[in-house]
Amino acid sequence: TFGHTIQPTNIVTSPFPEIEPSPVDFYRHVLQDFSKFGKKIAIVDGISWKEYSFNQIDELTSKFSSGLKRIGFKTGDVLSIVAPNSPEYSVLFFGALASGGVVTTCNPTYTADEICFQFKNSNAKMVATIPALLPTIQEACKGSNIETIIVLDDEPRRARDGLVSYQSLISDSGSLFDPPSIDLHETAVLPYSSGTTGLPKGVMLSHKNIASNVTQMHHSEFFDLYIEGSCLIGVLPFFHIYGMIVIRASSLRYGSRLVTLPKFEPETFLAAFQNHRVNTAPLVPPLVLFLAKHPLVNSYNLSSLDQIMTGAAPVGGETVKATKERVGCRVIRQLYGLTETGPVTHMTPKQQGMTKPDSVGVCLRSVNTKIVSPETGEALPNGEEGELLISGPNVMKGYLNRPDATKECINEDGWFSTGDIGYYDNEGYFYITDRLKELIKVKGLQVAPAEIEALLVLHPKIAEAAVIGLPDERQGESPKAFVVKKDEGVNEKEVVDYIAKKLAVHKHLTGGVEFVDVIPKSASGKILRRMLRDQSK
Ligand code: 4UU
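Residues numbered from 1 in each chain as written. Predicted model: local features only at pLDDT ≥ 70, side-chain atom pairs only at ≥ 80, totals over all residues. Heavy atoms only, no water.

Applying the stated criterion across every chain yields a total of 14 aromatic pairs. Consider the rings of Phe264 and Phe269, whose centres lie 5.2 Å apart with planes at 70°: the pair is edge-to-face. Judged by relative accessible area, Phe264 falls into the partly exposed class, the value being 34%. Measuring from ring centre to ring centre gives 5.9 Å for Phe269 and Phe290, while their planes differ by 65°; the resulting arrangement is edge-to-face. Of this pair, Phe269 sits in helix H10 (residues 266–276) while Phe290 sits in helix H11 (residues 285–293); the two residues are 21 residues apart in sequence, bridging distant segments of the chain. Taken together, the aromatic side chains of Phe264, Phe269, Phe273 and Phe290 make up a single cluster linked through ring pairs. Directly above the ring of Phe93 sits Arg248, whose terminal nitrogen or CZ lies 4.3 Å from the centroid. (Phe/Tyr/Trp six-rings, centres within 6.5 Å; stacked < 30°, edge-to-face > 60°. Buried < 20%, exposed > 50% of the residue type's maximum accessible area, 1.4 Å probe, protein only. Helix = DSSP H or I, 4+ residues; strand = E, 2+ residues; numbered from the N terminus. Lys NZ or Arg CZ within 6 Å of the ring centre and 35° of its normal.)

This part is about the pattern of salt bridges. One pass over the structure, following the stated rule, counts 25 salt bridges. In this structure, the salt-bridge partner of Lys507 is Glu451, at a minimum N-O distance of 3.0 Å. Taken together, the residues span a long stretch of sequence, with Lys507 in the loop between helix H15 (492–502) and strand E27 (513–515) and Glu451 in helix H14 (residues 449–456) at a distance of 56 residues. On the accessibility criterion, Glu451 (14% relative accessible area) is buried. Residue Lys485 pairs with Glu488 through a salt bridge whose shortest N-O separation is 3.8 Å. When its relative accessible area of 63% is taken as the criterion, Glu488 is described as exposed. (Salt bridge = Lys/Arg side-chain N within 4 Å of Asp/Glu carboxyl O.)

Near the ligand there are 21 residues, and of these Leu335, Thr339, Asp420, Lys437 and Lys441 occur at the shortest range. Separating a nitrogen atom of the ligand from a backbone N or O atom of Ala312 is a distance of 3.1 Å. Between the ligand and Thr339, the relevant distance is 2.6 Å, taken from an oxygen atom to a side-chain nitrogen or oxygen of the residue. Burial of the ligand by the surrounding chains reaches 99%, relative to a free accessible area of 650 Å². Only helix H9 (241–253), strand E15 (331–337) and strand E22 (430–435) provide two or more residues apiece to the shell around the ligand. The biggest single contributor to the shell around the ligand is E15, with four residues. Counted by class, the shell around the ligand contains 12 nonpolar, five polar and four charged residues. (Near = heavy atom within 4 Å. Polar contact = N/O pair within 3.5 Å; in protein donor to acceptor, adjacent residues only side chain to side chain. Areas by Shrake-Rupley, 256 points an atom, 1.4 Å probe, with all protein chains shown as cover. Nonpolar A, V, L, I, M, F, W, Y, C, P; charged D, E, K, R; others polar.)

The next point concerns the sheet that holds E22. With antiparallel pairing, the four strands of this open sheet are ordered in space as E18-E19-E21-E22. The sheet is open, and its two edges are formed by strand E18 (368–372) and E22, each paired on a single side. Averaged over all pairs of adjacent strands, the angle between strand axes in this sheet comes to 50°, irrespective of strand direction. Summarising the sheet, strand E19 (residues 386–391) and strand E21 (residues 416–424) pair through four bridges and their orientation is antiparallel. Each bridged residue has a counterpart across the sheet, and for Ile390 the counterpart in E21 is Phe416. (Pairing = 2+ DSSP bridges. Axes fitted to C-alpha atoms, helices over the stretch in contact; angles between N-to-C directions.)

The next thing to look at is the side chain of Asp153. By the secondary structure assignment, Asp153 is in the loop between strand E6 (148–151) and strand E7 (163–165). Among all residues touching Asp153, those that are not within four sequence positions of it are Pro131, Ser165 and Gln167. (Contact = heavy atoms within 4.5 Å.)

Moving on, we come to the nonpolar core. Ranked by internal contacts, the top residues of the largest apolar core, which has 117 residues, are Phe26, Ile150, Ile233, Phe269, Leu283, Leu291 and Ile308. Once residues lying within four places of it in the same chain are set aside, the contact partners of Ile150 are Phe64, Leu68, Leu79, Met126, Val127, Ala128, Thr129, Val164, Ser165, Tyr166 and Leu169. Among the nonpolar cores identified, the runner-up in size contains 25 residues, and Val102, Ile149, Tyr192 and Ala504 belong to it. (Core = buried A, V, L, I, M, F, W, Y, C linked by side-chain atoms within 4.5 Å.)

A word on unusual backbone geometry. A negative phi angle characterises most non-glycine residues, just as the trans form characterises most peptide bonds. A cis amide bond links Gly342 to the next residue, Pro343, at an omega of -10°. Tracing the backbone shows Pro343 in the loop between E15 and strand E16 (344–347). Although it is not a glycine, Asn401 sits at a positive phi angle of roughly 55°. The exposure class assigned to Asn401 is exposed, which follows from its relative accessible area of 63%.

If you want it as structure tokens, here you go:
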């Protein structure tokens, strides 16, 4: 154990020293040691082996930043990135920040409607994407304020019809590169999260928030990437806060090598471990389960693998143990966090990696946690279940243009209500046991029931609808719809297909559709999801 972290007030603190806040913005923070790392490889494409040194990323970033300014991108403007993982993703991301911009990241598997919502909601001015997504992006731009589409291709494409090539931007002389000094409380990134209720909202994470989080993880007991020769697998998507901060930003900040994969695919995933000698694997539960169970795993040499981390959704201690035994890595541990906390708040310390496999670990540096009674709001002692509240320098500023939703989850004292249920043990280790909020998690990705419900009730044959998550071994949960018919003729397939056309794959109704006479609701009209969940057991 690491000393006493449970305060008499029932506030739990970190066993490790507080961090010094970063004196510089996120771009400068992450790139601060690049000249020291120099010719070391920073990022390599796991499949094509196209690689970039720290020097090269640095140079490309400044040229891209200058090129962006030349086409009219200004301080405070929003760049949306809608692309799968690649080495160039970092150039787009840090190039925009170096121009004083804000980056909003979007899932590249989204439909045009979903992307359009985010373009409009974030008021993005430019978007960067890959050629294959161009038709979707062009469709999504309609009705938004996007003026320019940057295409990640090798062809030099002259600025025309609002299209400009990445190639032409990185061919810029760099003369306009001049990162402004930025108030560290300004928004740096705008990922989307539905929070405890409703539709996805822009999460305003400041430079201070995310620079802090990178530092908070950095401790010999946590994410010791400064160890010479660290090599990470970058298979989790960079649009999600886990890929954005924990994997990509931390790797660059501490001089590790990052192997990018555009998507999860069994052979390329396993081959990457073997061929690139990956030693650090930040994963989500379905991928941990894959390593524990899939027959293909035996055909690859995973001997370089030293540590596995799993977060973003619950994982059973048994799966954790089985995976460790099968792949023979030194440690596997859990992380817990949310988009709103930039993201990580808890991590299993390395020493205790296997002794408490069900725990998400202890508070990161400068994180305080309380478990409060949902009824009384009082901070509970160890062993008692309640809602997890967090405070720390990583807690978001709030939801974009949603002071109401912000006020509901962050109180005057800066405590953020996670909507998760859990408890801590007598050594200050946390356990997540349930979710108070409506959020569904499929493969670690958010699915907001309200988003699916809003579409369902627009269907001419549907009167009312409610969506919940059914437990699913492979993907964590599966969205299931309860539907009250307006027209007797409607069947399950019609409803499933309707949603499949409108939303990304992880939001499809893989849990099926159940037709009911009424949706149970509280006196105030809120859907009683717990009742529906219990009904489905
Ligand atoms: C049970 O999923 C995330 C961020 C996760 C993350 C990232 C980097 C965790 C560790 C890490 O290193 O963010 P969101 O906003 O998509 O989803 C947040 C929700 C939480 O409220 C909780 O319900 O995801 C769930 N969650 C977990 N649940 C996250 N981590 C865990 C976990 N166990 N370890």
